[in-house]
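# Observations on chain architecture
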Amino acid sequence: MKNSVPLIYSGQEEPVLRALKFFDKDPISFEKFQRENFYKTLLALRKRNAALAADASFKKADIGDERTIYAYTREKGNKKILVILNLSATEQSIVIKDQALIGNAYNVFKEKPEVLNSNERKMKPWGYEIYEY
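Residues numbered from 1 in each chain as written. Predicted model: local features only at pLDDT ≥ 70, side-chain atom pairs only at ≥ 80, totals over all residues. Heavy atoms only, no water.

### Topic: the pairing of strand 8 (residues 128–132)
- Most of strand 8 sits out of view: four of its five residues are buried.
- Bridge analysis of strand 3 (residues 79–86) against strand 8 gives five bridges, and the strand direction is antiparallel. Note that in strand 8 the partner of Ile81 across the bridge is Glu132.
- Where strand 5 (residues 103–107) lies against strand 8, two bridges are found, and the strand directions are antiparallel. The residue of strand 8 that forms the bridge with Asn107 is Tyr131. (Buried < 20%, exposed > 50% of the residue type's maximum accessible area, 1.4 Å probe, protein only. Helix = DSSP H or I, 4+ residues; strand = E, 2+ residues; numbered from the N terminus. Pairing = 2+ DSSP bridges.)

### A look at the environment of Lys32
- Along the polypeptide, Lys32 turns up in the segment before helix 1 (36–48).
- Residue classification places Lys32 among the exposed positions, given a relative accessible area of 60%.
- Along the backbone, Lys32 and Glu14 are 18 residues apart, and their C-alpha atoms lie at a distance of 6.2 Å.

Worth remembering: the numbers are spatial, not functional.
Encoded structure:
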């Protein structure tokens, strides 16, 4: 993921749950924007935090079962983010082991500061958390 920037594809913000035609015109009807706030939050984070720049460093974080939990940090200058994803349909245990990730952080989607520690905690099925440092 180094030297890359995530993209939003047509229909993700609605959402469009059908396969879109690739070579033919396939209009998308935007009506409800069910995921609008999710993408607004991500885009605002991308704009304000240099850790999401294309040239930011990337490091995988070991905080849970690697078959179900995917976690990583991105850093640039004094900006850092931690992304934790539960890619399973079951609740998972996570433990932050890296001392550089323990301490004061800002939970982007809960919009509040949190103190991250090395205590075991649970993550909901298909859950996600993003922290700014």
